Amino acid sequence: MIFDTYRSGDSVLHRMAPGLKLLSLCVLGTLLFFFDEVWLAAAALTAVSMLYPLVGFRPAVILAQLRPVLWVFALIVVAQLLFGDVAFGVVLALRLAALVLLAALVTLTTRSSEIVDALIRALAFLRPL
């Protein structure tokens with residue numbers, strides 16, 4: 001069963017085509033992994049977080065999106081503290097948080113049925129397979 005997390009609104013992001021949102025998520029999500037500096041990862045997370053008020057969502061919505069994966073962030077940082085580079089663990093956690101918030105922003109501003117329809121259209125070339 002697919003749960004629709006859509007929240008109605010009239011922002012630019014709400015009106016944007018679902019396919020464009022998904023493409024933007026793929027591109028921006030990939031770009032998150034092109035750098036290893038903590039300050040850039042923090043800047044990316046800050047930029048994504050700033051989109052939420054622009055769309056009309058309160059800070060509590062951001063926290064609600066991150067709460068289920070907080071243990072993953074902690075696990076990454078602790079593992080890097082024990083076995084590797086703490087700064088890299090922080091970068092990984094910040095990247096993941098930015099990616100989770102980006103994906104959540106797409107699902108909060110797009111109905112599930114619209115996402116499915118966009119994916120069906122985008123993957124239509126696979127129909128013969």
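Residues numbered from 1 in each chain as written. Predicted model: local features only at pLDDT ≥ 70, side-chain atom pairs only at ≥ 80, totals over all residues. Heavy atoms only, no water.

1. Details of the pattern of salt bridges
Logical step 1: Summed over the entire model, instances satisfying the criterion amount to two salt bridges.
Logical step 2: One salt bridge in this structure joins aspartate 10 and arginine 15, with 3.4 Å as the shortest N-O distance.
Logical step 3: The salt bridge partner of arginine 95 is aspartate 36, with a shortest N-O separation of 2.6 Å. In this pair, arginine 95 sits in helix H6 (residues 86–109) while aspartate 36 sits in the loop between helix H2 (18–31) and helix H3 (38–55), placing the two residues 59 residues apart along the sequence. (Salt bridge = Lys/Arg side-chain N within 4 Å of Asp/Glu carboxyl O. Helix = DSSP H or I, 4+ residues; strand = E, 2+ residues; numbered from the N terminus.)

2. Some remarks on the nonpolar core
Within soluble globular proteins, side chains that are nonpolar tend to cluster in buried spots.
Logical step 1: Membership of the largest hydrophobic core comes to 29 residues, with the highest contact counts inside it found for Leu45, Tyr52, Phe57, Leu66, Leu101, Leu105 and Leu108.
Logical step 2: For this core, the element with the highest residue contribution is H6, accounting for 11 residues.
Logical step 3: Contacts of leucine 108, omitting those with residues within four sequence positions, involve Thr5, Tyr6, Arg7, His14, Tyr52, Phe57, Val61 and Gln65. (Core = buried A, V, L, I, M, F, W, Y, C linked by side-chain atoms within 4.5 Å. Buried < 20%, exposed > 50% of the residue type's maximum accessible area, 1.4 Å probe, protein only. Contact = heavy atoms within 4.5 Å.)

3. A word on the layout of surface pockets
Logical step 1: Computed from the structure, the largest pocket encloses a volume of approximately 250 Å³.
Logical step 2: Surrounding the largest pocket, 14 residues form its lining, Leu13, Met16, Leu51, Leu102 and Leu105 being those nearest its centre.
Logical step 3: Counting residues per element, the ones that place at least two in the lining of the largest pocket are helix H1 (12–15), H2, H3 and H6.
Logical step 4: Ranked by the residues each element gives to the lining of the largest pocket, the list is headed by H2, at four residues.
Logical step 5: Classifying every residue of the lining of the largest pocket gives 11 nonpolar, two polar and one charged. (1 Å grid on protein atoms, 1.4 Å probe; cavity = no way out; pocket = protein on both sides within 12 Å on 5 of 7 lines; lining within 4 Å. Points joined across faces, edges and corners; volume = space filled by probe spheres on them. Nonpolar A, V, L, I, M, F, W, Y, C, P; charged D, E, K, R; others polar.)

4. Details of the packing of aromatic side chains
Logical step 1: Following the criterion strictly, the structure yields one aromatic pair and no others.
Logical step 2: Both rings, one in tyrosine 52 and one in phenylalanine 57, keep their centres 6.1 Å apart while their planes meet at 50°; by these two values the pair is tilted. Residue tyrosine 52 shares its accessibility class with phenylalanine 57, and that shared class is buried.
Logical step 3: One cation-aromatic arrangement involves arginine 95 over phenylalanine 35; the distance from NZ or CZ to the ring centre is 6.0 Å. (Phe/Tyr/Trp six-rings, centres within 6.5 Å; stacked < 30°, edge-to-face > 60°. Lys NZ or Arg CZ within 6 Å of the ring centre and 35° of its normal.)

5. Comments concerning the packing of H2 against helix H7 (residues 112–122)
Two numbers describe a pair of packed helices, the interaxial angle and the distance between the axes.
Logical step 1: It is the contact of H2 with H7, at a shortest axis distance of 8 Å, that shows an interaxial angle of 80°. Judged by the angle between their axes, H2 and H7 are roughly perpendicular. Two secondary-structure elements touch here, H2 through Pro18, Gly19 and Leu22 and H7 through Glu114, Ile115, Ala118 and Leu119.
Logical step 2: Counted by class, the contact of H2 with H7 contains five nonpolar, one polar and one charged residues. (Axes fitted to C-alpha atoms, helices over the stretch in contact; angles between N-to-C directions. Parallel < 35°, antiparallel > 145°, perpendicular 65-115°, else oblique.)

6. Re a nonpolar patch on the surface
Logical step 1: Together, Leu20, Leu23, Val27, Leu28, Leu31 and Phe34 make up an exposed nonpolar region whose accessible area comes to about 590 Å².
Logical step 2: Topologically, valine 27 is positioned in helix H2. (Patch = residues over 30% accessible without salt bridge, like charges linked within 9 Å, V, L, I, M, F, W, Y side chains within 5 Å. Areas by Shrake-Rupley, 256 points an atom, 1.4 Å probe, with all protein chains shown as cover.)

7. Observations regarding the packing of H2 against H6
Logical step 1: With their axes 10 Å apart at the nearest point, H2 and H6 run at an angle of 175° to one another. Here H6 runs roughly antiparallel to H2, going by the angle between their axes. Across the interface between the two elements, Lys21, Leu22, Leu25, Leu28 and Gly29 of H2 pack against Leu99, Leu102, Ala103, Val106 and Thr109 of H6.
Logical step 2: Of the residues assigned to the contact of H2 with H6, the class counts are seven nonpolar, two polar and one charged.

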